[in-house]
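Each chain, letter by letter, is given below.
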Amino acid sequence: MIQPPAKVCNSLTAKVIEIRRRIHQYPELSNQEHATQKLIERELRQGGLENIQHVAGTGLVVDIEGASPGKRLVLRADMDALPIQEDRPDLDFASAHDGVMHACGHDAHTAMLLGAAMMLYDARQQLQGCVRCVFQPAEEAEPLGGRAIVADGVLDDADAALALHIDPDIEAGCIGINDGAMLAGGIEFTLLVNGRSAHAARPERGIDSIYIAACIVQVLQSIASRQVNPMEPFVLTLGKIHGGTAKNIIAEQTIIEGTARVLSERLREAVPKLILNTARSIAAAHGASVELDINYGEPVLENDPSVNELTRRAAARVVGADKIIELPVGSMGSEDFAFYTQKLPGAMFRLGVCAKNDAEPYPLHHPRLNIDESALPVGIAIFVEATRDFLS
C-alpha cells in the first residue's frame, strides 16, 4: 500500500523557520561555523537524536537507523556564509556580523535538513536501512568541506546521496531537475607575468609586465572563441589584476587571477594547458615569461538519473508533477556536492524560493537576497519522501 505523502506539521515548520532566521542572523564563514555546529547539535539532541559525530572540522553527521538493515542514503546541507555585507535594513533578522551574510541560502539548507532529520527520526520504525544527515561546512571557500567529507570516509559505506539548493529564479512550491551535468567544474588560477624593471622615462630598458599582462588578458578570451568547441559550455573570467610599485617605474611583475568553469571533466583537465600556452606565447613575443599556479576546485556535478527519479517521484507526491521543471541545461556555477557525486550515485535538485509577486528576484550571492519561506516545508517533505522511497 502506498503511504500518504509526508506532511510537515505547522509546529515543525515554525521551528525550522525560526532556526533558519537564527542562522541567517549569525552567519559564519567557511570553516568557522562553530556556533552553527553547536546550534544544530543542540537541536538534534533535543529532538532525541544521539548518534552524532563531528566531521570535517566544523561539520556534523547524524545517522538515523531504521527498524531493519538495508541501504544507506546520505542527505546533505551546507552551513557556511559569504563575505558579503547584507543590505536588508527592513529585515529584523538581518546579519548581525558585518561583512558576512547568508547570500546563498545555506541557512535554509541547514534548517530544512534539520527538519527532515526530525521527521525521519520520528518515522524510523518505517525505514529499512539508514539515513545519514550531513551538515557540511565550507562549500564556498577552500579548504572545501565536500572534499573533507569524502576524505573523512563519511561516504564510504553509503549507497546514494541527495541534496538541494535554493533557486530564487524558480517560483516557491516548484522544483528544478536535470539529468547529467548540472553544475560546472571549476579551476582557480594565478598567472604571474615576469618582466624587467626600469625607469618610466626609459621604457626601452625594461620589459613592461603591465602592458604584457593587458595583452594576455585580451588574448585569453580567444580560448573560448577559438580553442574550445563552441558547443561546449566554457567561461573564463579574470577577476583580479595587480602590478607595479610606483607610477614612474616599469612594473617588473604583474599578477592576474581568474577562474574557469566547464561542464565536462575532460575540458577541465585541458584548460590549464590552454591558459599557459596562450599566455606564454604572448609573453615570449615581448621578452617576458609567465608562471601559472592552478587550484582545482569543485569537479563537474553530475546528477545520476536514478537518484533524480527519486526526487521526481517524491516531488510529484508532495507538490504535484506540474510543479516539476525539467531544466534544459546545467548552470556554470560550481558546487562541492560534486565531490559526493564523484564518489557515489547522487543528485541535487533546485528548490524554488521566489515569491509569486516578485517580478525581479535578487540572485544568489546578492546582498539583498531573500527567500519565500513557504518553500521550506516543501524541501523538507521532498527529502523525507525520497528517503522513504529509497529505504522502503
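Description of the structure in this document.

### Looking at the sheet that holds strand E10 (residues 234–243)
Within a sheet, adjacent strands bond to each other through the backbone by hydrogen bonds, running parallel or antiparallel. The antiparallel open sheet is built from four strands, whose spatial order is E10-E12-E8-E13. Looking at which strands have only one partner, the edges of the open sheet turn out to be E10 and strand E13 (289–296). Strand-to-strand twist in this sheet, taken as the mean axis angle between neighbours without regard to direction, amounts to 20 degrees. In terms of strand pairing, strand E8 (residues 185–194) meets E13 through eight bridges, oriented antiparallel. Pairing of leucine 191 across the sheet is with leucine 292, part of E13. Where helix H5 (residues 209–220) meets the sheet, its contacts fall on E8, E10, strand E12 (253–262) and E13, and the angle it forms with E12 comes to roughly 15 degrees. Across the sheet, helix H7 (residues 265–285) lies against E8, E10, E12 and E13, angled at about 165 degrees from E13, the strand it touches most.

### A closer look at the sheet that holds strand E15 (residues 324–326)
Spatially, the eight strands line up as an open sheet ordered E1-E2-E4-E3-E5-E16-E6-E15, and their pairing is mixed. On the outer flanks of this sheet lie strand E1 (52–55) and E15, each paired with one strand and no other. Strand-to-strand twist of the sheet, defined as the mean angle between neighbouring strand axes without regard to direction, takes the value 25 degrees. Each of strand E2 (59–65), strand E3 (68–78), strand E4 (128–136), strand E5 (160–171) and strand E16 (346–354) is contacted by helix H3 (residues 106–122), which is oriented at about 160 degrees to E3, the strand it contacts most.

### As for the pairing of E16
Along E16, nine of the nine residues are buried, which leaves the element largely enclosed by surrounding structure. Residues Gly346, Met348, Arg350, Gly352 and Cys354 line one face of E16 and the alternating positions Ala347, Phe349, Leu351 and Val353 line the opposite face, and both faces are buried. Pairing geometry for E5 and E16, over eight bridges, is parallel. Bridge assignment links leucine 164 to a residue of E16, and that residue is phenylalanine 349.

### Section: the pattern of salt bridges
If you walk through the whole model with that rule in mind, you get 28 salt bridges. Two residues, arginine 72 and aspartate 63, come together in a salt bridge whose shortest N-O distance is 3.5 Å. In this pair, the class of arginine 72 matches that of aspartate 63, namely buried. What you see here is one network of salt bridges that share partners, running through Lys15, Glu18, Arg22 and Glu43.

Parameters and conventions
- Residues numbered from 1 in each chain as written.
- Predicted model: local features only at pLDDT ≥ 70, side-chain atom pairs only at ≥ 80, totals over all residues.
- Heavy atoms only, no water.
- Pairing = 2+ DSSP bridges.
- Helix = DSSP H or I, 4+ residues; strand = E, 2+ residues; numbered from the N terminus.
- Axes fitted to C-alpha atoms, helices over the stretch in contact; angles between N-to-C directions.
- Contact = heavy atoms within 4.5 Å.
- Buried < 20%, exposed > 50% of the residue type's maximum accessible area, 1.4 Å probe, protein only.
- Salt bridge = Lys/Arg side-chain N within 4 Å of Asp/Glu carboxyl O.

Just geometry here; none of it tells us what the structure is for.
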